Amino acid sequence: MEFAEYVARQRPALMRFATVLTCRTWLAEDLVSDVLGRAFEHWERISGMAEPHAYVRRMVVNEYLSWRRRLTRISSRADVEPRVISDGADERAERDAMIRRLAGLPRKQRAAVVLRYYAGLSDREIAAQLGCREPTVRSQIHRALNALRIDLTAGVADFQETS
Amino acid sequence: MSDLRTLHDAFAELERRADAATVGTAPAARTHRAVRLIPVAVTVVAVAVMIAGAVWVLPGRPGTPAAGPPTTPSTSTTHGSAPTSPDDLIARFRVVLGDTATFEVTSKNTVPGAFPSKQPGTSTGPQPEDPDAPSSPLIGGTLTAGGVTGSFSLMIYPTDSEPDAWCTLSRTEDCDVSTLPDGSRLATGTARPAPGAVSHLASLKRPDGTLVLMHVGNQEDPRGAALDSPGGEFHAPRPPLTLDQLTALVTSDKW
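Quantities reported herein were computed from a predicted structural model and do not represent experimental measurements. (Residues numbered from 1 in each chain as written. Chains lettered and ligands numbered in written order. Predicted model: local features only at pLDDT ≥ 70, side-chain atom pairs only at ≥ 80, totals over all residues. Heavy atoms only, no water.)

1. Some points on the overall build of chain A
Right, so step 1: For chain A, the count of helices and strands is nine helices and zero strands.
Right, so step 2: Its helices and strands taken in sequence order, chain A reads α-α-α-α-α-α-α-α-α from the N to the C terminus.
Right, so step 3: Burial analysis of chain A (163 residues in total) assigns 52% to the buried set.
Right, so step 4: The long-range fraction of contacts in chain A, counting pairs at least 24 apart against all pairs at least 6 apart in sequence, stands at 63%.
Right, so step 5: For chain A, the computed accessible surface area is about 7,500 Å², with 47% contributed by carbon and sulfur atoms. (Helix = DSSP H or I, 4+ residues; strand = E, 2+ residues; numbered from the N terminus. Buried < 20%, exposed > 50% of the residue type's maximum accessible area, 1.4 Å probe, protein only. Contact = heavy atoms within 4.5 Å. Areas by Shrake-Rupley, 256 points an atom, 1.4 Å probe, with all protein chains shown as cover.)

2. Re the overall build of chain B
Right, so step 1: A count of helices and strands for chain B gives six helices and eight strands.
Right, so step 2: Along its sequence from the N terminus, chain B presents helices and strands in the succession α-α-α-β-α-β-β-β-α-β-β-β-β-α.
Right, so step 3: Per-residue burial for chain B yields a buried fraction of 57% across its 255 residues.
Right, so step 4: Expressed as a percentage of contacts within chain B between residues at least 6 apart in sequence, the contacts between residues at least 24 apart total 64%.
Right, so step 5: Accessible area of chain B: about 10,100 Å², with a carbon and sulfur share of 54%.

3. A word on the packing of aromatic side chains
Aromatic ring pairs are reported here in terms of the distance separating the ring centres and the angle at which the planes meet.
Residues and elements named next belong to chain A.
Right, so step 1: Counting across every chain of the model gives nine aromatic pairs over all chains.
Right, so step 2: Chaining the aromatic ring pairs together yields one cluster made of Phe3, Tyr6, Phe40 and Trp43.
Right, so step 3: Note that Arg57 overlies the ring of Phe17, its terminal NZ or CZ placed 5.5 Å from the centroid.
Right, so step 4: Arg116 extends its terminal NZ or CZ atom over the ring of Tyr117, reaching a point 6.0 Å from the ring centre. (Phe/Tyr/Trp six-rings, centres within 6.5 Å; stacked < 30°, edge-to-face > 60°. Lys NZ or Arg CZ within 6 Å of the ring centre and 35° of its normal.)

4. Overview of the packing of helix 4 (residues 52-66) of chain A against helix 7 (residues 107-118) of chain A
All names here are of chain A.
Right, so step 1: At a closest axis distance of 10 Å, the pairing of helix 4 and helix 7 adopts a crossing angle of 160 degrees. Looking at the two axes, helix 4 sits roughly antiparallel to helix 7. Considering the relative orientation of helix 4 and helix 7, their crossing is right-handed. Across the interface between the two elements, Val61, Tyr64 and Leu65 of helix 4 pack against Arg107, Lys108, Arg110, Ala111 and Leu115 of helix 7. (Axes fitted to C-alpha atoms, helices over the stretch in contact; angles between N-to-C directions. Parallel < 35°, antiparallel > 145°, perpendicular 65-115°, else oblique. Left-handed = near helix turned anticlockwise from the far one by under 90°.)

5. Considerations on the pattern of salt bridges
Right, so step 1: Per the stated rule, a full pass over the model turns up 18 salt bridges over all chains.
Right, so step 2: A salt bridge links Arg9(A) to Glu5(A); its shortest N-O distance comes to 2.8 Å. Placement of the pair is Arg9(A) and Glu5(A) together in helix 1 (residues 3-22), with a separation of four residues, close to one helical turn.
Right, so step 3: Residue classification places Arg9(A) among the exposed residues on the basis of a relative accessible area of 53%.
Right, so step 4: Here the salt bridges do not stand alone but share partners, grouping Asp34(A), Arg38(A), Glu41(A), Glu63(A), Asp221(B) and Arg223(B) into one network. (Salt bridge = Lys/Arg side-chain N within 4 Å of Asp/Glu carboxyl O.)

6. Digging into the confidence of the model for chain A
Residue and element names in this part refer to chain A.
Right, so step 1: Of the residues in chain A, 79% reach a pLDDT of 70 or more, and the chain-wide mean stands at 77.
Right, so step 2: Looking over chain A, one finds the lowest element-wise mean pLDDT in helix 5 (residues 68-73), namely 47, and the highest in helix 9 (residues 134-147), namely 93.
Right, so step 3: A low-confidence stretch, residues 155-163 stays under pLDDT 50, and its non-local contacts, those more than four residues away or across chains, total 17 contacts. (pLDDT = per-residue confidence, 0-100.)

7. Looking at the pairing of strand 4 (residues 148-158) of chain B
All names here are of chain B.
Right, so step 1: Burial analysis of strand 4 places nine of its eleven residues in the buried class, the great majority of the element.
Right, so step 2: Pairing analysis gives eight bridges linking strand 3 (residues 136-145) to strand 4, with the strands arranged antiparallel. Bridging from a neighbouring strand, Leu138 pairs with Met155 of strand 4.
Right, so step 3: Sheet topology note: the strand 4/strand 8 (residues 210-217) ladder contains eight bridges and is antiparallel. By the bridge assignment for strand 8, Phe152 is matched with Val216. (Pairing = 2+ DSSP bridges.)

What follows is the structure in structure tokens.
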């Protein structure tokens, strides 16, 4: 696949993934642009892989996790984008509160939660992406769910864990 | 307490914001334009590189080995016109480099004329190529000096952007910006994107509007990369040139 074709097909999906990961659209744009620039430089190698998109998505996670210094520097301004809540919009209020809690998670916990519940990866796959052991993944997710105030027993059947 | 449905609602809302930002209609996206880490003009350059098309590999001819390079910026005002092809850029680089180092070109790219950005902030997606705009050469490869081998990338192109825009894009921590006697604007700095990774940057905006941009690094990717990503392999503990040596090259009057 040519790089331009890949970008045309997958950039929207990468933007969604990066936005879920960062909780900030402007940061997601930077993240995706940066990663695609690097992917272009190595496209000959990446395009020969079995799953180029999975690899590029892993690059997004790695880049996100490596942005500690930059994110720390801007943390005072990098609050979650404010949204106007309509009167009586309880569901939206709950959803936006969830986004705020998600944005407040430590990066590895957030990455683990996003990879599990957004990307649908198994513990083993998440461990490979984050460069840690499976028990660590389970621990990160457990802590994250506590911080997000999510009660798994309150969920419906179609949202059960996948692994 | 919430349940997983709320989490998925949150994901869906973030997806919606991502889609809206992609088409430039999200009010929330505009809220943070002023603090974007990467200036849009620079992103346009990066996107132009992305859509550049063919990349072909061709070994360059190494130069001759080396005595010590100059270590202070040149103040000369004489510059040739911007190179129009990778081979042209390679020939000029060989002259500028002299006996400072040897190099091997492993990638030669011609970036279509998608810049300069005349309307920064108006687009975040791939830019249409302007068939009438000049193309710009971009070369990369390995460079050896003083027994140390590392990577380099070099590009000369016309742009509206300031040279320090690349400090942000390259994650340079201590970007030093100055104005040379001929009016050129110089930005230099060092990025350490991963443990042990060092990438020097020198970016010179010349009075004629062309920008000379060069990175040298100790990894396969001269701009530095995450250790387990493409380009993250180490060549050496440090880059083959010091920041002063790199600055001297970029500000040379031999281009």
